[in-house]
Amino acid sequence: EAQVTQNPRYLITVTGKKLTVTCSQNMNHEYMSWYRQDPGLGLRQIYYSMNVEVTDKGDVPEGYKVSRKEKRNFPLILESPSPNQTSLYFCASSLSSRYNEQFFGPGTRLTVL
Amino acid sequence: AQSVTQLGSHVSVSEGALVLLRCNYSSSVPPYLFWYVQYPNQGLQLLLKYTSAATLVKGINGFEAEFKKSETSFHLTKPSAHMSDAAEYFCAVTTVGYSSASKIIFGSGTRLSIRP
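The structure contained in this document is the topic of the report that follows.

Parameters and conventions
- Residues numbered from 1 in each chain as written.
- Chains lettered and ligands numbered in written order.
- Predicted model: local features only at pLDDT ≥ 70, side-chain atom pairs only at ≥ 80, totals over all residues.
- Heavy atoms only, no water.
- Helix = DSSP H or I, 4+ residues; strand = E, 2+ residues; numbered from the N terminus.
- Rg over C-alpha atoms; globule rule 2.2 N^0.38 Å.
- Buried < 20%, exposed > 50% of the residue type's maximum accessible area, 1.4 Å probe, protein only.
- Contact = heavy atoms within 4.5 Å.
- Areas by Shrake-Rupley, 256 points an atom, 1.4 Å probe, with all protein chains shown as cover.
- Lys, Arg positive; Asp, Glu negative; His and termini not counted.
- Charge placed at Lys NZ, Arg CZ, Asp CG, Glu CD.
- Polar contact = N/O pair within 3.5 Å; in protein donor to acceptor, adjacent residues only side chain to side chain.
- Pairing = 2+ DSSP bridges.
- Salt bridge = Lys/Arg side-chain N within 4 Å of Asp/Glu carboxyl O.
- Axes fitted to C-alpha atoms, helices over the stretch in contact; angles between N-to-C directions.
- Buried area = accessible area lost by both parts, 1.4 Å probe.
- Nonpolar A, V, L, I, M, F, W, Y, C, P; charged D, E, K, R; others polar.

**Topic: the overall build of chain B**
In step 1: Helix and strand counts for chain B come out as zero helices and 11 strands.
In step 2: Scanning chain B from its N terminus toward the C terminus, one meets helices and strands in the order β-β-β-β-β-β-β-β-β-β-β.
In step 3: Computed over C-alpha atoms, the radius of gyration of chain B comes to 14 Å, within 12% of the 13 Å expected from 2.2 N^0.38 for 116 residues, which places it in the range of a compact globule.
In step 4: In terms of overall dimensions, chain B has a C-alpha envelope of 45 × 30 × 20 Å along the principal axes.
In step 5: By residue count, 46% of the 116 residues in chain B fall in the buried class.
In step 6: Sequence-distant contacts, at least 24 apart, represent 57% of the contacts inside chain B between residues at least 6 apart.
In step 7: Total accessible area on chain B is roughly 5500 Å²; 53% of this is exposed by carbon and sulfur atoms.
In step 8: The positive charge centre, built from 9 side chains, and the negative charge centre, built from 6, are 6 Å apart in chain B.

**Things to note about the environment of B:Trp35**
In step 1: Within the fold, B:Trp35 resides in strand β4 (residues 31-38).
In step 2: Here the side chain of B:Trp35 touches B:Phe74 through a polar contact of 2.8 Å, landing on its backbone oxygen.

**Structural notes on the environment of A:Thr15**
Residues and elements named next belong to chain A.
In step 1: If you trace the backbone, Thr15 turns up in the loop between β2 (10-13) and β3 (19-25).
In step 2: Filtering out sequence-adjacent residues up to four positions away, Thr15 remains in contact with Pro81, Ser82, Pro83, Val112 and Leu113.
In step 3: Within polar-contact distance, the side chain of Thr15 engages the backbone oxygen of Leu113 at 2.7 Å.

**Thoughts on the pairing of β3(A)**
All names here are of chain A.
In step 1: Among the seven residues of β3, five are classified as buried, and the element is accordingly described as predominantly covered.
In step 2: As paired elements, strand β1 (residues 4-7) and β3 share four bridges and run antiparallel to each other. Residue Asn7 lies in a different strand from β3, and its bridge partner there is Thr22.
In step 3: With three bridges connecting them, β3 and strand β8 (residues 76-78) associate as antiparallel partners. In the strand pairing of β8, Val21 is matched with Leu76.

**With respect to the pattern of salt bridges**
All names here are of chain A.
In step 1: Tallying each qualifying case throughout the model produces seven salt bridges over all chains.
In step 2: Lys18 is the partner of Glu79 in a salt bridge, and the nearest nitrogen-oxygen pair spans 4.0 Å. Taken together, the positions of Glu79 in the loop between β8 and β9 (87-94) and Lys18 in the loop between β2 and β3 put the pair 61 residues apart, joining distant regions of the chain.
In step 3: Judged by its relative accessible area of 37%, Glu79 falls in the partly exposed class.

**A few points about the sheet that holds strand β6 (residues 56-58) of chain B**
Residues and elements named next belong to chain B.
In step 1: In space, the five strands of this open sheet follow the order β1-β3-β8-β7-β6, with antiparallel pairing throughout. The open sheet terminates on both sides in strands that have one partner only, identified here as β1 (3-7) and β6. Strand-to-strand, the axes of this sheet are offset by a mean angle of 20°, without reference to chain direction.

**A few points about the interface of chain B and chain A**
For interface size, the figure often reported is the accessible area lost on association.
In step 1: Taken residue by residue, the interface counts 26 residues in chain B and 24 residues in chain A.
In step 2: The contact between chain B and chain A buries some 1900 Å² in all, and 50% of this surface belongs to carbon and sulfur atoms.
In step 3: Counting across the chain B and chain A interface gives zero salt bridges.
In step 4: The interface formed by chain B and chain A includes three residue pairs in polar contact (both at pLDDT 80 or more).
In step 5: Class assignment for the residues of the side of chain B that touches chain A results in 11 nonpolar, 12 polar and three charged.

Quick look at the structure:
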């Protein structure tokens, strides 16, 4: 089944404790992206990647890191999480670019205490 | 810079009534426009997209949207609402061109409620 998977789905952590949210797609997509969803703000793009080893900042990259060492994986790293990073996070992928339909993962709900 | 405005954070209609969800965009170059739907506790899925072909775009579940350049709008409509349409709807824009800034901008979302 074609899908985007994220892990974990739920995470409660404390300020400053490094964490990684994994994202994997099995559709051989080139374009991958991370979003955060907050009430009243919709989805905001954190980082995106147009291909392996090619990443760029979205609109809200502060406090986040990403890497794209393999085509299928695009982990989101929070080196020192803070409470304002409490949010619902989505990973998405599309065939070749931002022009194509994006396929979203099920989301990761992160709470930083 | 591109932007998206969705008018109305919450829209409520009766079952069988017309659904109209508004989206206005701002872009200095020709846009690609999308509508996505999010059901409770799920990720987003594509309803339809405009890519500079036909201005009236038909999507899944009976939804359609019309691109109006003069009004910079891409409103989503459905002639007859069904209870299963209750969800949150997001409009999104990205731009055509050779810019290295391959960003996608989403609106703040509109929650659609259906009254029996």
